[in-house]
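Observations on the three-dimensional arrangement
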Amino acid sequence: MEHFSAIQSLCRIGLENGDGRFRKQVERLRDRLTKAGDERDAATLSALLANVTSDVSLAPSNVEVSRSLVVGDELTGNVHPPVDRETSVPLAEILLAPSAGQPSPIFDETLQLAMGALVSEWQNAEALKALGVEPSRSCLFYGPPGTGKTLAALTLAAKLNLPVVNARIDGLVSSFLGTTARNIANLFDFANRYRCVLILDEFDALAKMRDDPHELGELKRVVNTLLQNLDARANKGLTIAITNHEGLLDPAVWRRFQNHVRIGQPDLPTRLEMLRTFLGSLELGDDVIKTLSYVAGPRSGSDLKTFADALRRSLALSGSEATPRAITLATKTLLPRLGIEDSDMGPARLFLVNEPKFIGEVLHADLGIRQDSLAQMFDCSQSKISRWSGEWASDEKTAVRTADA
Ligand SMILES: Nc1ncnc2c1ncn2[C@@H]1O[C@H](COP(=O)(O)OP(=O)(O)O)[C@@H](O)[C@H]1O
Ligand SMILES: [Mg+2]
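Residues numbered from 1 in each chain as written. Chains lettered and ligands numbered in written order. Predicted model: local features only at pLDDT ≥ 70, side-chain atom pairs only at ≥ 80, totals over all residues. Heavy atoms only, no water.

Some details on the pattern of salt bridges
- Under the defined criterion, the tally for this structure stands at 15 salt bridges.
- Of the charged contacts in the structure, one is a salt bridge between E391 and R387, with a shortest N-O distance of 3.5 Å. Taken together, the residues E391 and R387, both in helix 18 (residues 382–404) and four residues apart, mark about one turn of the helix.
- For E391, a relative accessible area of 39% gives the class partly exposed.
- Overall, the relative accessible area of 48% leaves R387 in the partly exposed class.
- Three or more residues are tied together by salt bridges with common partners; here these are D287, R370 and D372. (Salt bridge = Lys/Arg side-chain N within 4 Å of Asp/Glu carboxyl O. Helix = DSSP H or I, 4+ residues; strand = E, 2+ residues; numbered from the N terminus. Buried < 20%, exposed > 50% of the residue type's maximum accessible area, 1.4 Å probe, protein only.)

Here it is as structure tokens:
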């Protein structure tokens, strides 16, 4: 490409600012170059994208988290996590660049504000202390699986420029009596020694011990150890616990966390934004993405990511261009893999078995989808789409009248 070296410098400078939107444009440029067969320049941009990620996430932040909020030695690549004494399995994973290779989480405005408030509180701990207010040091993320809880915890740590000691509690629960409590104590000792964010993922795994009567004594010991360790850590560092089943948590454990953030299923605008991001490289028209987000229905970010990846793979394998029609056909073959129940009579089923009704519904869902976009997706004339839309509306009216009668 002409003037590529100048473009390369522009990209490097822009990427270093860490603005996600800029990064996205560079990724698009890279994808376009690949499409145009300019493999060499595309590879240069890929290398830039990869380098700048690690540079940014390892570079000291302008607003360093105060050394009084998070104490301890620096974690380096030479430090090894503690292991379970019986099995030698590490009790945690150390992530020096916690957001490397991770996408940015996409949340609705309320959640974004909640996350922003946490970061701001932790970044401004000194100012808070000067005002006589102790900053909080712990947070519990809870909500259904696949909604981005782990991702949010890793991103928070990266925003604060802190490494992560990431413990999956299910891996810590040992079948050897007495070992689980010891593992927990060792894990906290380790985390307290270093400047880090301690992430306790799959936190509800402990509660499962309640199902086994032989484990009850052990569970009591474990919960006590956990409470003592959480209290002892309260003035040492940041702790984020994550659970899919908040109902299973011991209330005393729940109360130990100063913030409780529910990360629920994404709403329709958030799902739309997710699909825009996950399918970004395909450069689909927005009406196609809106239609897909309607088809996919209320699903988690993780499900949408799986769907988007499968769609991209399917197009790549069939060698088709990402035309609206090709997307519709690929989606039809992929939907059953999203785990649609026979009883699910929602948009996904209509999309598969009753196109006229689906089209009527999606046009009346206030997404602002144009009829000509649907005509392309469903390979029919716009007048047919218009007729189906009219028939849907009059069927609805009849249904309402029958219900009223
Ligand atoms: N809110 C979200 N924003 C962006 N990606 C998401 C979101 N939620 C889930 N994902 C995708 O799903 C994957 C799994 O999410 P994860 O954080 O492990 O969910 P959880 O911990 O809530 O079960 C993520 O790596 C990401 O690709
Ligand atoms: Mg998780």
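A short note on helix 14 (residues 324–334)
- Within the span of helix 14, buried status applies to A326, I327, T328, A330, T331 and L334.
- The inward-facing, buried residues of helix 14 abut helix 12 (286–296), helix 13 (301–318), helix 15 (347–353) and helix 17 (371–377). (Contact = heavy atoms within 4.5 Å.)

With respect to the site of ligand 1
- As a matter of local geometry, ligand 1 sits amid 17 residues, with I106, G146, K149, T150 and L151 nearest to it.
- L151 is positioned such that a nitrogen or oxygen atom in its backbone is 3.0 Å from an oxygen atom of ligand 1.
- Contact with the protein chains hides 83% of the accessible area of ligand 1, taken as 560 Å² for the molecule alone.
- Listed by contribution, the elements that provide at least two residues to the shell around ligand 1 are helix 6 (149–159), helix 11 (268–278) and helix 13.
- Broken down by class, the residue content of the shell around ligand 1 amounts to eight nonpolar, seven polar and two charged. (Near = heavy atom within 4 Å. Polar contact = N/O pair within 3.5 Å; in protein donor to acceptor, adjacent residues only side chain to side chain. Areas by Shrake-Rupley, 256 points an atom, 1.4 Å probe, with all protein chains shown as cover. Nonpolar A, V, L, I, M, F, W, Y, C, P; charged D, E, K, R; others polar.)

Overview of the sheet that holds strand 3 (residues 164–168)
- Spatially, 1-3-4-5-2-6 is the arrangement adopted by the six strands of the open sheet, whose pairing is mixed. Unpaired on one side and paired on the other, strand 1 (93–95) and strand 6 (259–262) mark the two borders of the sheet. Neighbour to neighbour, the strand axes of the sheet diverge by 20° on average, direction disregarded.
- Pairing geometry for strand 2 (residues 138–142) and strand 5 (residues 238–243), over five bridges, is parallel. Pairing of S138 across the sheet is with T239, part of strand 5.
- Packing of helix 6 onto the sheet brings it into contact with strand 1, strand 2, strand 3, strand 4 (197–201) and strand 5, and relative to strand 5 it is tilted by some 170°.
- Along the sheet face, helix 8 (residues 179–193) touches strand 1, strand 3 and strand 4 and points at about 155° away from the line of strand 4. (Pairing = 2+ DSSP bridges. Axes fitted to C-alpha atoms, helices over the stretch in contact; angles between N-to-C directions.)

Here we look at the packing of helix 13 against helix 14
- Contact geometry for helix 13 and helix 14: axes closest at 10 Å, N-to-C directions at 120°. Comparing the axis directions of helix 13 and helix 14 gives the class oblique. Read as a crossing pair, helix 13 and helix 14 show a hand that is right-handed. Facing F307, A310, L311, S314 and L315 of helix 13, the residues of helix 14 in contact are A326, I327, A330, T331 and L334.
- Looking at the contact of helix 13 with helix 14, its residues break down into eight nonpolar, two polar and no charged. (Parallel < 35°, antiparallel > 145°, perpendicular 65-115°, else oblique. Left-handed = near helix turned anticlockwise from the far one by under 90°.)

Some details on unusual backbone geometry
- Phi is positive for S88, which is not a glycine, with a value near 65°.
- Structurally, the position occupied by S88 is in the loop between helix 3 (39–58) and strand 1.
- Of the residues examined, S88 reaches a relative accessible area of 52% and is grouped as exposed.
- Notably, N161 is not glycine yet its phi reads approximately 60°, a positive angle.
- Within the secondary structure, N161 sits in the loop between helix 6 and strand 3.
- You can call N161 partly exposed: its relative accessible area is 21%.

Section: the packing of aromatic side chains
- The final tally for this structure, using the stated rule, is seven aromatic pairs.
- Ring centres 5.9 Å apart and planes at 90° place the aromatic pair F203 and F257 in the edge-to-face group. Placement of F203 in the loop between strand 4 and helix 9 (216–233) and of F257 in the loop between helix 10 (251–256) and strand 6 is noted, with a sequence separation of 54 residues between them.
- With a relative accessible area of 2%, F257 lands in the buried category.
- Judged by centre distance (6.0 Å) and plane angle (55°), the ring pair of Y294 and F358 falls under tilted. In this pair, Y294 sits in helix 12 while F358 sits in helix 16 (residues 355–363), placing the two residues 64 residues apart along the sequence. The same class applies to Y294 as to F358, namely buried.
- Put simply, the rings of Y294, F351, F358 and F378 touch in pairs and so form one group of aromatic residues.
- The side chain of K305 reaches across the aromatic face of F278, ending 5.7 Å from its centre. (Phe/Tyr/Trp six-rings, centres within 6.5 Å; stacked < 30°, edge-to-face > 60°. Lys NZ or Arg CZ within 6 Å of the ring centre and 35° of its normal.)

Description of the nonpolar core
- By size, the foremost hydrophobic cluster in this structure holds 42 residues, and its most contacted members are F358 and L374.
- Only helix 11, helix 12, helix 13, helix 14, helix 15, helix 16, helix 17 and helix 18 provide two or more residues apiece to this core.
- Look past the residues within four positions of F358 in its chain and what remains in contact with it is T291, Y294, V295, P347, L350, F351 and F378.
- Counting 34 residues, the second-largest nonpolar core is a separate cluster that includes A181, I184, L187 and F190. (Core = buried A, V, L, I, M, F, W, Y, C linked by side-chain atoms within 4.5 Å.)

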